Amino acid sequence: MKIETTPSTSTSRMGKERLESANMSERVRRNQSHLRSHLRSHYDFIVCGSGSSGSVVASRLAENPDVHVLLLEAGGSDDVPQVMEANQWPLNLGSERDWGFQSKPSRSLNGRVLHMAMGKVLGGGSSINVMVWARGHKSDWDYFAQEANDPAWSYDSVLKIYRRIEDWQGSPDPEHRGAGGPVFVEPATNPNPIAPAMLDAARSLGIPTFENQNGRMMEGDGGASIIDVRAKAGKRQSIFRSYVYPRMDQENLTVLTGALVLKLNIEAGRATGVDVLLDGVVTTFGSTKEMVLSMGAIQTPKLLMQSGIGDESELRRHGIPVLQHAPGVGQNFQDHVAFDCVWEYLDPLPPKNTMAEATFFWKSDPALPSPDIQACQAEVPKTTPENAARYNVPQHGWTLFGGLMRPKSRGHLSLTGPQATDPVVIEPNFLSHPDDLKAAIACVELCREVGNAAPLRSFSKREVMPGLLKGPGLEDFVRNAATTYWHETCTAKMGTDKMSVVNGRLQVYGIQNLRIADGSIMPRVTTGNTMAPCVIIGERAAKELSKDHGL
Ligand SMILES: Cc1cc2nc3c(=O)[nH]c(=O)nc-3n(C[C@H](O)[C@H](O)[C@H](O)COP(=O)(O)OP(=O)(O)OC[C@H]3O[C@@H](n4cnc5c(N)ncnc54)[C@H](O)[C@@H]3O)c2cc1C
């Protein structure tokens, strides 16, 4: 039976929700201010970093009221419109909520420097990102299981976790999607007409369209669909807000903002705590059970190396005593290098939802076992400074932002010194593998075919870039167009070979009581945006910690 909601009941419900939210916010403020002024010297667990993985670990551990959890975050509050209002996400780029990393100039990208944003705020990337919920391809998870030699990472196992944690709002699909969990996800609502037109364009080229991007579509050859997004009535649903915030009125969960983790303390091969810069003072916190590093794929390996866990020659170069030779730390860097293809609108349409509402996954070569290209349609023109200088980019346009999902190039990180204030050198090495250049050209050609296909023609006045280029001209365009998809990962990989940093239970090899739970543990970057897989990593870490500590 459908129950009609009269205006007066819905108004009173909204009033009640607002009151509950104000009460919660006051309870959180009081509790956290009390906890901050009564800090303990030791906590059972210390989680460093409140991003997509760290938020999950901290919240799951704090489910048990007897367990004391300290969550340390270098950034500040997320309670600002630029984070909360879904359509304001670009305003975070280059702000105080962005670490603002820069790569070393890249030979393979015509000597260009890349700006590599990462979230520095409660919620980390999940508070500044584009909110796309992309679970990864079936084959990614089966690869993780094979590398970890642990079936708990297989697609079948991970699918169960996704179904348990999701609160899916689209057409029911109980085999793939879940309801009632902490992760609200919906297909972009009432999308701009250019989004379904992109699906028609993809279909006209033989790319099948799907009811959503995270069910059957990620078990096969790819396809096109409206994007699954983590926003509700225009408000961002960050992983921090979904997992940690609802527990911040509990006395067993202390969340410290402005807490920069400087160094891990390790005694006799066992992680015992951390030194943290808090309110201008270096403070030491001890953990009685375990330490968890969730600072993302650049800061986690940096902290490991500066704490004596890394390649011995790299550590010695900076006078850091070697506690554990771990040659894989900072190696195997991966991201989805991506390229902008832009069209000018015939009649400008204002961007809707998160400005990106349709996506497709496809193969650069039909012989590949799974898709290696993803393009998101951005409802604004987007380009690099180098291509902006060459092309006349209009004010009103739209972009197909196509990226390589299975890059073969590998980058690495290195230190410039032993202090937390010493920056890391990031060498992404995008397009350094010749197969990636081939795939990049196929990706741009496919984006052009989709973007110029009949169903999209009525939206466009002209193709702005790249236009019909071939050979060296197209290669040069690709090298100038290449940017990060902001999916920095894989720098402390999970596995069993000598370059692996953690095992399948996310324990750091050679050091007791230390785990890593963030994008750095991926053996290879997943097919699609990386927030959802980082949530799975957090869930897996929490499960293993609970099991090992009998929680
Ligand atoms: C602009 C942008 C757009 C993106 N769009 C999408 C998208 O639409 N969909 C998607 O799936 N993915 C997207 N991503 C990627 C996704 O957000 C990340 O892959 C994901 O958040 C990584 O999770 P993580 O837990 O590894 O690290 P993060 O989420 O980066 O969290 C790490 C946390 O640790 C903190 N930290 C770091 N160093 C220290 C220290 N020394 N002391 C204390 N705290 C520290 C950071 O401030 C941060 O809060 C985007 C990322 C960006 C930057």
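Residues numbered from 1 in each chain as written. Predicted model: local features only at pLDDT ≥ 70, side-chain atom pairs only at ≥ 80, totals over all residues. Heavy atoms only, no water.

### A word on the site of the ligand
Then, number 1: Close to the ligand lie 37 residues; S52, E73, V261, T530 and M531 are nearest.
Then, number 2: For the ligand, a nitrogen atom lies 2.9 Å from a polar atom in the backbone of V132.
Then, number 3: In the environment of the ligand, an oxygen atom lies 2.8 Å from a nitrogen or oxygen atom belonging to the backbone of G519.
Then, number 4: Considering the ligand on its own, with 1,000 Å² of exposed area, one finds that the protein chains cover 97% of that surface.
Then, number 5: Among the secondary structure elements, those contributing two or more residues to the shell around the ligand are α4 (125-128), β12 (259-267), α9 (296-306) and α15 (531-548).
Then, number 6: For the shell around the ligand, the residue count by class is 17 nonpolar, 17 polar and three charged.
Then, number 7: Both of domain 1 (31-77 + 238-332 + 491-548) and domain 2 (81-116 + 130-137 + 172-237 + 335-484) provide at least three residues apiece to the shell around the ligand. (Near = heavy atom within 4 Å. Polar contact = N/O pair within 3.5 Å; in protein donor to acceptor, adjacent residues only side chain to side chain. Areas by Shrake-Rupley, 256 points an atom, 1.4 Å probe, with all protein chains shown as cover. Helix = DSSP H or I, 4+ residues; strand = E, 2+ residues; numbered from the N terminus. Nonpolar A, V, L, I, M, F, W, Y, C, P; charged D, E, K, R; others polar. Domains from an automatic or database assignment.)

### Considerations on the pattern of salt bridges
Then, number 1: With the rule as written, the count across this model stands at 42 salt bridges.
Then, number 2: A salt bridge links D150 to R540; the nearest nitrogen and oxygen atoms lie 3.9 Å apart. Placement of D150 in the loop between α5 (138-148) and α6 (155-165) and of R540 in helix α15 is noted, with a sequence separation of 390 residues between them.
Then, number 3: Exposure remark for D150: the relative accessible area of 16% places this residue in the buried category.
Then, number 4: Here R164 makes a salt bridge to E539, at a shortest N to O gap of 4.0 Å. Of the two residues, R164 is situated in helix α6 and E539 in helix α15; the sequence distance between them amounts to 375 residues.
Then, number 5: A network of salt bridges, in which partner residues are shared, links D150, E290, R505, R515, R540, E544, K547 and D548. (Salt bridge = Lys/Arg side-chain N within 4 Å of Asp/Glu carboxyl O. Buried < 20%, exposed > 50% of the residue type's maximum accessible area, 1.4 Å probe, protein only.)

### As for the domain arrangement of the chain
Then, number 1: One can read the domain layout of the chain as domain 1 (31-77 + 238-332 + 491-548) and domain 2 (81-116 + 130-137 + 172-237 + 335-484).
Then, number 2: Computed over C-alpha atoms, the centres of domain 1 and domain 2 are 29 Å apart.
Then, number 3: Each partner contributes residues to the interface: domain 1 has 35 residues there, and domain 2 has 38 residues.
Then, number 4: With both sides pooled, the region where domain 1 packs onto domain 2 buries about 3,100 Å², and carbon together with sulfur makes up 63% of that total.
Then, number 5: Among the residues domain 1 hides against domain 2, the three largest losses belong to I298, T527 and N529. Together they make up 21% of the total.
Then, number 6: For the interface between domain 1 and domain 2, the tally reads 12 residue pairs in polar contact (both at pLDDT 80 or more).
Then, number 7: Here the side of domain 1 that touches domain 2 takes seven residues from α9, the largest share from any one element.
Then, number 8: Residue classes in the side of domain 1 that touches domain 2 are distributed as 15 nonpolar, 14 polar and six charged. (Contact = heavy atoms within 4.5 Å. Buried area = accessible area lost by both parts, 1.4 Å probe.)

### Thoughts on empty space enclosed by the protein
Then, number 1: A full pass over the atoms with the stated rule returns one cavity of 30 Å³ or more.
Then, number 2: Size it by volume and the largest cavity reaches roughly 40 Å³.
Then, number 3: The wall of the largest cavity is formed by F333, Q334, D335, V337, P407, S409, P428, F430, L431 and D436.
Then, number 4: Each residue belonging to the lining of the largest cavity can be placed in one class, and the counts come to six nonpolar, two polar and two charged. (1 Å grid on protein atoms, 1.4 Å probe; cavity = no way out; pocket = protein on both sides within 12 Å on 5 of 7 lines; lining within 4 Å. Points joined across faces, edges and corners; volume = space filled by probe spheres on them.)

### Quick word on the side chain of H318
Then, number 1: Tracing the backbone shows H318 in the loop between α10 (312-317) and β16 (324-325).
Then, number 2: Residue H318 is classed as buried on the basis of its relative accessible area, which comes to 15%.
Then, number 3: Within the local environment of H318, its side chain forms a polar contact with the backbone oxygen of L415, the two atoms lying 3.1 Å apart.
Then, number 4: Not counting residues up to four positions away in its chain, the partners in contact with H318 are L415, T416, G417 and P418.

### Re the environment of D497
Then, number 1: Position of D497 among the secondary structure elements: in the loop between α14 (471-481) and β24 (514-516).
Then, number 2: Judged by relative accessible area, D497 falls into the partly exposed class, the value being 39%.
Then, number 3: Along the backbone, D497 and L346 are 151 residues apart, and their C-alpha atoms lie at a distance of 54 Å.
Then, number 4: For D497, the side chain forms a polar contact with the side chain of K493, separated by 3.0 Å.
Then, number 5: A polar contact is formed between the side chain of D497 and the side chain of S500, at a distance of 2.6 Å.

### Overview of α15
Then, number 1: Taking 1.5 Å per residue as the helical rise, α15 with its 18 residues ought to reach 26 Å, and the 26 Å between its terminal C-alpha atoms agrees with that figure.
Then, number 2: The buried fraction of α15 amounts to 14 of the 18 residues, a majority that puts the element mostly inside the structure.
Then, number 3: Positive backbone phi, approximately 60°, marks G550, located one or two places after α15. (Expected span 1.5 Å × (residues − 1).)

### Re the nonpolar core
Then, number 1: Ranked by internal contacts, the top residues of the largest apolar core, which has 86 residues, are L72, W133, W153, L264, V274, F285 and L514.
Then, number 2: Element by element, the count of residues in this core is highest for α15, at eight residues.
Then, number 3: For V274, the contacting residues outside a window of four places in its chain are I46, C48, L72, V261, K263, L264, N265, T283, T284, F285 and M291.
Then, number 4: Judged by nonpolar contacts, the second largest core, of 76 residues, contains A134, F339, L400 and V478. (Core = buried A, V, L, I, M, F, W, Y, C linked by side-chain atoms within 4.5 Å.)

### Examining the sheet that holds strand β23 (residues 460-465)
Then, number 1: Pairing within the open sheet is antiparallel, and its six strands lie in the order β7-β18-β19-β20-β17-β23. Each having just a single partner strand, β7 (223-226) and β23 make up the two edges of the open sheet. Averaged over all adjacent pairs, the angle separating strand axes in this sheet is 20°, with direction ignored.
Then, number 2: With seven bridges connecting them, strand β17 (residues 338-345) and strand β20 (residues 397-404) associate as antiparallel partners. Paired with F339 across the two strands is G402, which belongs to β20.
Then, number 3: In the packing of helix α7 (residues 194-204) onto the sheet, contacts are made with β7, β17, β18 (356-362), β19 (373-378) and β20, and the angle to β18 comes to roughly 15°.
Then, number 4: Against the sheet, α14 contacts β17 and β23, and its axis sits at roughly 100° relative to β17. (Pairing = 2+ DSSP bridges. Axes fitted to C-alpha atoms, helices over the stretch in contact; angles between N-to-C directions.)

### A few points about the packing of α5 against α6
Then, number 1: Contact geometry of α5 with α6 gives a least axis separation of 8 Å together with a crossing angle of 115°. Across the interface between the two elements, K138, W141 and D142 of α5 pack against Y155, V158 and Y162 of α6.
Then, number 2: Residue composition of the contact of α5 with α6, by class: four nonpolar, no polar and two charged.

### Quick word on the packing of aromatic side chains
Then, number 1: Tallied over the full model, the rule gives 10 aromatic pairs.
Then, number 2: Where F401 meets Y485, the ring centres are 4.5 Å apart and the plane angle is 40°; that geometry is what we call tilted. Taken as a pair, F401 in strand β20 and Y485 in the loop between α14 and β24 lie far apart in primary sequence, 84 residues in all.
Then, number 3: Classification of Y485 by relative accessible area gives buried; the value is 4%. (Phe/Tyr/Trp six-rings, centres within 6.5 Å; stacked < 30°, edge-to-face > 60°.)

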